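Next come the chains, spelled out residue by residue.
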Protein chains: 2
Amino acid sequence: MFAESRIAPSVTINQPVAGRQRAGHLWSSLTDVCSLLQVTPIAAASTADDVVFQHVQFKTGQRLFTVGQPFDALYILNSGFLKTVMLDEAGNEQVLSFPMKGDVLGVDGIHAKQYMSEAVALSSCDVIVIPFKVFSSLGRKYPELELSLYGVMSRELAREQSMAGMLGSLSAEARVGRFLVALSERYAAMGYSGKEFNLRMTRQEIGSYLGLTLETVSRTLSAFDRIGYIAVEGRSIILKDMPTLKTLRRLPPSQSRSKEVVAVKKSAADVSFDAAEDLLAA
Amino acid sequence: MFAESRIAPSVTINQPVAGRQRAGHLWSSLTDVCSLLQVTPIAAASTADDVVFQHVQFKTGQRLFTVGQPFDALYILNSGFLKTVMLDEAGNEQVLSFPMKGDVLGVDGIHAKQYMSEAVALSSCDVIVIPFKVFSSLGRKYPELELSLYGVMSRELAREQSMAGMLGSLSAEARVGRFLVALSERYAAMGYSGKEFNLRMTRQEIGSYLGLTLETVSRTLSAFDRIGYIAVEGRSIILKDMPTLKTLRRLPPSQSRSKEVVAVKKSAADVSFDAAEDLLAA
DNA sequence: CGCCTTATTGACCCTTATCAATTGGTGTGG
DNA sequence: CCACACCAATTGATAAGGGTCAATAAGGCG
């Protein structure tokens, strides 16, 4: 039983935390949760292995929580794929993120005591439920733990910031290119192939996430394929030129070049710039 | 001394926390900080009035911290105006926010132990420095305090999310309109007039923040003025039709209308829709 | 007082949204 | 088991929103 609940972290990182069976549900220990979060296991945590967290399964299309629902728990994704969405005043969905294994969900509900977004399963999912009350009392007991939540939120904030930067200043090609590379890196971090993978979301959802229409996403993918940066066939993607995809030139829309930094890094930048022009010419 | 350091919250909200003079610098108590953050004063805080936080002054153009600088403190803006910016790979500035009194700065540095953005003074500023070590130990002593940091970060995250939504789906007019209204509401919350105020930032900076060019910002403001939604003259703004500015129609770019919600709220929505068309016609 | 930054406005056109038609895939019911 | 319906994706035609370039005016600030 102990052996099962304490698999070596290096192994658990690349496959779902097994947890243990009890009363027909899966449960995870604090140690399991830490390894899932890639947090250096808390020294004292093993003494608290009696604290267990419940797993819940969701099928495609189901929602973990919805906008306005009272906030009471954080969720950690153990396996499967999700999207999180905001709803504007007209009820239109705007995709905010595509959480994957190890990601924390529901953080935006802490402030107003109700969730500000919705999390929708894009596949069968297994999530660990962390009641917020339990979490914060644990945080008091293990300062490293609360620091790690600060870390998670801070990272999330930084991600959202660079997302805003991207939406504000990059061309469609650059957005799609970076999106693919980001996905690739996350798959790779999970132990899957970073070169070949299947998209779990529709063009519509990608477009909503990137601030583009589904047609533009489709066209851009087709263009990338034609040029040879990738191979697409429906939702299957093979990346062939990640460096170029990652650095595709921003057509300088917010030309907010600080006058100090004008002619910086000519060589490296212009390589990807030329590549972008090829793309447009094709 | 007590009287000075514990001004009634209702008063301190609308004017800089005075703090107390000591060794040529201003200092604030924990109670002062709480009132600045609009956090319900911590019950036990008065017993900890020996904990004081240093104020620091910055002049226009100076930076509170820069990208890559080791993270060691959070900052709370006591008076003045700032911008925070990210730098892309080419060194171009992208404006992320325009912090005002009571806002917390530096949160994005927690995760990687170094600041991910820069904070630049747009006017003379007075900020309170909260060494993060001090903060987290205080958090352990006063759970309400740490909860309030969670709250701040969570709110910040939600703000950033709706910002991303706005960048991804709203027209230039809608962005500028909402920007003005948001500014207005923040000025009002600080006790200033929400109807008439001066912009503290350039068109360039507004554009960078909204994902537009300075020309588009300028043109949009001129158009608003022509129609009568506002009166502009350089950086002075008078809002004349806030409801319309706030609800200016989103030209449906990411037409991700969920099929359930199609013909919702006709009357209210179409009023602002018509208004938007007037704008474009003018 | 004069320089330099900021703002305004016009002309042009490129990128990307919009509208529309077609195909392929999947699931369901006759 | 096939036909039909439905959804995702691709691709083309068209146009407009907003970016780029440029010239001028209006402010600050040393």
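Nothing here was measured: the structure is a model prediction, and the numbers come from that model. (Residues numbered from 1 in each chain as written. Chains lettered and ligands numbered in written order. Predicted model: local features only at pLDDT ≥ 70, side-chain atom pairs only at ≥ 80, totals over all residues. Heavy atoms only, no water.)

Draft legend 1. Molecular detail of the overall build of chain A. Broken down by element type, chain A carries 10 helices and 13 strands. The 282 residues of chain A split such that 52% are buried. The contacts in chain A between residues at least 6 apart in sequence include a share of 70% that link residues at least 24 apart. Total accessible area computed for chain A in this model is approximately 12500 Å², and 56% of it derives from carbon and sulfur atoms. (Helix = DSSP H or I, 4+ residues; strand = E, 2+ residues; numbered from the N terminus. Buried < 20%, exposed > 50% of the residue type's maximum accessible area, 1.4 Å probe, protein only. Contact = heavy atoms within 4.5 Å. Areas by Shrake-Rupley, 256 points an atom, 1.4 Å probe, with all protein chains shown as cover.)

Draft legend 2. Region of interest: the sheet that holds strand β9 (residues 118-121) of chain A. All names here are of chain A. Reading across the sheet, the four strands line up as β4-β9-β6-β7 and stay open at both edges, with antiparallel pairing between neighbours. Each end of this open sheet is capped by a strand with a single partner; those strands are β4 (63-65) and β7 (93-97). For this sheet the average axis-to-axis angle between neighbouring strands, irrespective of direction, equals 35 degrees. Inspection of the sheet shows strand β6 (residues 82-87) paired to β7 by four bridges, in the antiparallel sense. Bridge assignment links Leu-87 to a residue of β7, and that residue is Glu-93. (Pairing = 2+ DSSP bridges. Axes fitted to C-alpha atoms, helices over the stretch in contact; angles between N-to-C directions.)

Draft legend 3. Seen up close, the side chain of Asp-126 of chain B. Residue and element names in this part refer to chain B. Take Asp-126: it is sitting in strand β10 (residues 125-131). Within the local environment of Asp-126, its side chain forms a polar contact with the side chain of Asn-78, the two groups lying 2.7 Å apart. Non-local contacts of Asp-126, meaning those with residues more than four positions away in its chain, are made with His-55, Val-56, Gln-57, Ile-76, Leu-77, Asn-78 and Ser-79. (Polar contact = N/O pair within 3.5 Å; in protein donor to acceptor, adjacent residues only side chain to side chain.)

Draft legend 4. Just helix α4 (residues 132-141) of chain B, in detail. What α4 of chain B keeps buried is the set Phe-132, Phe-135, Ser-136, Leu-138 and Gly-139 of chain B. Axial view of α4 of chain B: buried residues confined to an arc of 160 degrees, hence all on one face. Turned more than 90 degrees away from the buried face of α4 of chain B sit Lys-133 and Lys-141 of chain B, all of them exposed. Residues of α4 of chain B that are buried sit in contact with α5 (143-169) of chain A together with α3 (30-36), β3 (52-58), β5 (73-79), β10 and α5 (143-169) of chain B. (Arc of directions from axis to C-beta.)

Draft legend 5. Highlighting the pairing of β6 of chain A. Residues and elements named next belong to chain A. Along β6, five of the six residues are buried, which leaves the element largely enclosed by surrounding structure. Looking at chain direction, β6 and β9 are connected through four bridges and run antiparallel. Residue pairing for β9: Lys-83 is matched across the bridge by Val-120. Connecting the antiparallel pair β6 and β7 is a turn made up of five residues, with Gly-91 showing a positive phi of about 90 degrees.

Draft legend 6. Broad picture of the packing of α5 of chain A against α4 of chain B. Where α5 of chain A meets α4 of chain B, the axes come as close as 11 Å, and the angle between the chain directions of the two elements is 120 degrees. Taken as axis vectors, α5 of chain A and α4 of chain B run oblique relative to one another. The two elements α5 of chain A and α4 of chain B meet at a crossing, and its hand is right-handed. Residues Pro-143, Glu-146, Leu-147 and Tyr-150 of chain A of α5 of chain A touch α4 of chain B, and the partners they reach there are Phe-132, Phe-135, Ser-136 and Arg-140 of chain B. Across the contact of α5 of chain A with α4 of chain B, the residue classes break down as five nonpolar, one polar and two charged. (Parallel < 35°, antiparallel > 145°, perpendicular 65-115°, else oblique. Left-handed = near helix turned anticlockwise from the far one by under 90°. Nonpolar A, V, L, I, M, F, W, Y, C, P; charged D, E, K, R; others polar.)

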